[in-house]
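# Results of the structural survey
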Amino acid sequence: MHSTLKASAALALLISHTPAYAQEAFDLGEITLFSNQVLTELSRSGTTTEVVTEDEIAAAPETSVSDILATLPGVTTTATGGVGAQTTLRIRGLGAGYVPVYLDGIDISDPASTGAGYNWGGLTTGGLSRIEVLKGGQSARFGVNAAGGVVNLSSYRPTREGFSGQSAVEFGAYGTKSASLGLGFMDERTEVGFSLSKFETDGFSAASAGIEDDGYSSTRVSFFLEYELSDTARLGASMFYFDTAGEFDQADTLSVSPWTALNVEGTYDEVNASTTFGARTFLEIDSGVVKHKLAVSFFDIDRISDNSGSITPFKGERKTLGYTATYTFNETTLWTFGLDHMAEETATASADINSAYAEVAFAASDKLDLTGSLRYDDHSDLGGQATGRLAAAYRFSDDVILRAQAATGYKPPSLFQSTTNAANSTVALAPEDNTTFELGLEKTYGEVGFVRVTAFYNDLRNHLVYESSCSTPTNLITPGYCYAQSNFKSKGLELSGAYALNDTWELTGAYTYTDAYRPTGRAGRVPRHDLHIGVSGDFANGFAGGLGVNYVADRFDRDNGSTPMPDFKTVNAHVSYQFNDSTQAYLRVENLFDEDYEAVNGFNTSDRALYFGVRASF
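With that settled, the discussion passes to the overall build of the protein. Along the protein, the regular secondary structure elements total 7 helices and 34 strands. Taken over C-alpha atoms, the radius of gyration comes to 24 Å for the protein, in line with the 25 Å a tight globule of 618 residues would show. For the protein, the spread of C-alpha atoms along the three principal axes comes to 70 × 60 × 40 Å. Within the protein, buried positions represent 53% of all 618 residues. For the protein, the computed accessible surface area is about 25,400 Å², with 59% contributed by carbon and sulfur atoms.

If you want it as structure tokens, here you go:
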């Protein structure tokens, strides 16, 4: 998906505090907020970046954010059921543990989960205004775990001065109902955004062999504030609170064990429930040549898993403190230096990481932009690790851009993995490290369209592999489970584009070829072929609509090329009617032709499902 973020008054607040060299980039309107330490025009970023705007989020025929992201090149998702089920997002074959997720600058990845990754299953579109996906190793920019990429989410923001807002309600299949409200205020010094969203569904059986529905409910509240204390100082804060509960199925067959059979038959309601809180505040001071930024954040997640009456609690906490200094060396060079401290804690373990980093953005000419990043992370248990990134963007002409990036990524074992392995294995775990390369070419055709092609390569070493019976046990009689370490590689090609069929209709497409493998064979749940084709536009008399086709082929459910899965294709559609400038009604259909398929072996996906909603802005 190729997206343009039009320069708005909200972004102007950010840009006004950026050095002159960076400000020049924003005149064209297409920017990336996160690929570098400073705001950067997309045409000057060597990192492959996908942006999904608020309008695209609203118009999408999908409920879940993960389903929207799955239409992007290089991004795939798998889920063990419907909304609220365990859902993994992968970028170029690397899963959740290698792709941190940020909301308004707060890392919301779960430190108490097995791989310290983010579960995308319950995140719906209400209250979100922008999504930015960075691909390739980003540890030099974001620190530990960002070995495969980063996803940045932004909550609701006002888009014009004064008071404004938006609201939406939706009803549909599986007893689904949702509502969201966004309120904002903006003037020359202040930007405030508040959003509230509620989602409920009766759902369908997660397990293919199940007969009972697995429902889900969530409440999300977000708050964002930025205030200019003076012409040279800016204060900001963001907070969120999530409350979720969802039923799930443990297995897909009646023959696994007696208790599993009872679960599938519906005797027990297996439930995951969580409450999540995050907060962040920052202060920026622009002294002229140097801009200083101090930020502190807190993240806490409390969740339980009720599996057949056996309740297991999980608690994770993350605290961060960071300082960044951006130095305008001259009109063509920006230096950024920083220090970070992060402390993570679960009920059974904790770790601290102290980091130092530097980045230089250099406009070598009016055609060539170079970015170099270097970071050193000192882990309290594992010692030090250096990561780096080199990125280049070369503009052959105004409509042809060559991008290149070489980077390294770093992922220490999660707290869960470390404690589990230490209890059951005689071999200590080493950090995982990834080397990534990408080379891309983009050609634009004025306002008519664009074509982009990117080749990528990942080489992940010391990749953690789960062993149900530990091969290096501390107890030979009852070995338990632990982790071995091996290698993982992926290589492939991303192709995407858009073409304006006429003044009102647009054709889009994204195709990814991924060859992901381990020493013993193909990697599981990474399709070799992933294709999305969409068409959208305006009909007459206020009607608009669109159609999206997804095709996934050549995949396995398990590692080592076992459990082959059938190819599948789905079609999603939407149609809307604009009553006036501020009110719209819409109908969207997921799985229009009622395709019967499984993304994960033994787990259901949605049948044909219709949803009706109304949106309003004020």
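Turning our attention to the pairing of strand β9 (residues 149–155). For β9, the tally of buried residues reaches 7 of 7 residues, placing the bulk of the element in the interior. Every second residue of β9 is oriented toward a common face, with Gly-149, Val-151, Leu-153 and Ser-155 on one face and Val-150, Asn-152 and Ser-154 on the other, all of them buried.

Attention now goes to the packing of aromatic side chains. A full pass over the atoms with the stated rule returns 18 aromatic pairs. Relative to Phe-142, the ring of Tyr-102 lies with its centre 5.4 Å away and its plane at 45°, an arrangement referred to as tilted. Of the two residues, Tyr-102 sits in strand β6 (residues 101–103) while Phe-142 sits in helix α5 (residues 139–142), which places them 40 residues apart along the sequence. Judged by its relative accessible area of 13%, Phe-142 falls in the buried class.

Moving on, we come to unusual backbone geometry. The phi angle at Arg-92 is positive, at roughly 55°, despite the residue not being glycine. Although it is not a glycine, Asn-591 sits at a positive phi angle of roughly 55°. Relative to the elements of secondary structure, Asn-591 occurs in the loop between β33 (583–590) and β34 (609–617).

Bringing the environment of Met-565 into the picture now. With respect to the element layout, Met-565 can be found in strand β31 (residues 562–565). Separated by 33 residues in sequence, Met-565 and Glu-598 have C-alpha atoms that sit 8.1 Å apart. If sequence neighbours within four positions are ignored, Met-565 has contacts with Arg-555, Phe-556, Asp-557, Glu-598, Val-600 and Asn-601.

Turning our attention to the state of the cysteines. In the structure shown here, the tally under the stated rule is 1 disulfide. A sulfur-sulfur distance of 2.1 Å marks the disulfide that ties Cys-470 to Cys-482. Looking along the S-S bond of the Cys-470-Cys-482 disulfide, the torsion reads about 90°, which is the right-handed sense. Separated by 12 residues along the polypeptide, Cys-470 in the loop between β24 (449–467) and β25 (482–500) and Cys-482 in strand β25 bring together distant segments of the chain. This pair shows no difference in class: Cys-470 is buried, exactly as Cys-482 is.

Our next topic: the pattern of salt bridges. Considering all chains together, one arrives at 37 salt bridges under this definition. A salt bridge links Arg-44 to Asp-369, with the shortest nitrogen-to-oxygen separation between them at 3.1 Å. You can see Arg-44 sitting in the loop between β2 (40–41) and β3 (49–53) and its partner Asp-369 sitting in strand β20 (residues 368–379), a full 325 residues away along the chain. Comparing Arg-44 with Asp-369 shows no difference in burial state: the two are buried. For Arg-452, the salt bridge goes to Glu-50, with nearest N and O atoms at 3.1 Å. On the criterion of sequence distance, the pair formed by Arg-452 in strand β24 and Glu-50 in strand β3 is long-range, its members being 402 residues apart. Assigned by exposure class, Arg-452 and Glu-50 land together as buried.

Once that is clear, we can look at the sheet that holds strand β8 (residues 128–135). Taken in spatial order, the 5 strands line up as β3-β8-β9-β6-β7 in an open sheet, and their pairing is mixed. At either end of the open sheet lies a strand with only one pairing partner, and these are β3 and β7 (106–107). As paired elements, β3 and β8 share 5 bridges and run antiparallel to each other. Residue pairing in the sheet places Val-51 in a bridge with Glu-132 of β8.

So, on to the pairing of strand β19 (residues 350–363). Burial along β19 is one-sided: Ala-351, Ile-353, Ser-355, Tyr-357, Glu-359, Ala-361 and Ala-363 are buried, while Ser-350, Asp-352, Asn-354, Ala-356, Ala-358, Val-360 and Phe-362, pointing the other way, are not. Pairing analysis gives 13 bridges linking strand β18 (residues 333–346) to β19, with the strands arranged antiparallel. Across the sheet, residue Thr-333 finds its bridge partner in β19, namely Phe-362. Here β18 hands over to β19 after 3 residues, the two strands then running antiparallel side by side. Direction of pairing for β19 relative to β20: antiparallel, over a ladder of 11 bridges.

Moving on: the confidence of the model for the protein. Looking at the protein as a whole, its pLDDT mean stands at 91, while 92% of the residues score no less than 70. The low-confidence segment residues 1–29 (pLDDT under 50) makes 75 contacts with residues lying over four places distant or belonging to another chain. In the model, residues 252–266 has pLDDT below 50 throughout and makes 31 contacts with residues more than four positions away in sequence or in other chains.

We now examine the side chain of Asp-104. With respect to the element layout, Asp-104 can be found in the loop between β6 and β7. A residue is classified by how much of its surface remains accessible, and Asp-104, at 9% relative accessible area, is buried.

Three or more residues of helix α7 (residues 415–424) are buried, namely Leu-415, Gln-417, Thr-420, Asn-421 and Asn-424. In this fold, the buried residues of α7 make contact with β18, β19, β22 (400–411), β24 and β25.

To continue, consider the nonpolar core. With 27 residues, the main nonpolar core has Leu-69, Trp-120, Ile-131, Val-151 and Leu-153 as its most contacted residues. For this core, the secondary-structure elements that each account for two or more residues are α4 (65–69), β5 (87–91), β6, β8, β9, β14 (233–248) and β16 (290–307). When neighbours within four sequence positions are excluded, Val-151 is seen to be in contact with Leu-69, Leu-89, Val-99, Pro-100, Val-101, Tyr-102, Trp-120, Ile-131, Glu-132 and Val-133. Formed by 9 residues, the second largest nonpolar core is a distinct cluster that contains Ile-31, Phe-34, Leu-39 and Leu-134.

This brings us to the environment of Thr-87. Structurally, Thr-87 is set in strand β5. By relative accessible area, Thr-87 is classed as buried at 5%. A C-alpha to C-alpha distance of 4.6 Å links Thr-87 and Gly-121, two positions 34 residues apart in sequence. Once you skip the residues sitting within four places of it in the chain, Thr-87 turns out to touch Ser-66, Thr-78, Ala-79, Tyr-118, Asn-119, Trp-120 and Gly-121.

Looking at the element boundaries, Arg-518 is found in strand β26 (residues 505–518). In this structure, the C-alpha to C-alpha distance between Arg-518 and Lys-489, residues 29 residues apart in sequence, is 6.5 Å. Residues within four places of Arg-518 in sequence aside, it is in contact with His-463, Asn-487, Phe-488, Ala-523 and Asp-559.

So, how was this worked out
- Residues numbered from 1 in each chain as written.
- Predicted model: local features only at pLDDT ≥ 70, side-chain atom pairs only at ≥ 80, totals over all residues.
- Heavy atoms only, no water.
- Helix = DSSP H or I, 4+ residues; strand = E, 2+ residues; numbered from the N terminus.
- Rg over C-alpha atoms; globule rule 2.2 N^0.38 Å.
- Buried < 20%, exposed > 50% of the residue type's maximum accessible area, 1.4 Å probe, protein only.
- Areas by Shrake-Rupley, 256 points an atom, 1.4 Å probe, with all protein chains shown as cover.
- Phe/Tyr/Trp six-rings, centres within 6.5 Å; stacked < 30°, edge-to-face > 60°.
- Contact = heavy atoms within 4.5 Å.
- Disulfide = S-S within 2.5 Å.
- Salt bridge = Lys/Arg side-chain N within 4 Å of Asp/Glu carboxyl O.
- Pairing = 2+ DSSP bridges.
- pLDDT = per-residue confidence, 0-100.
- Core = buried A, V, L, I, M, F, W, Y, C linked by side-chain atoms within 4.5 Å.

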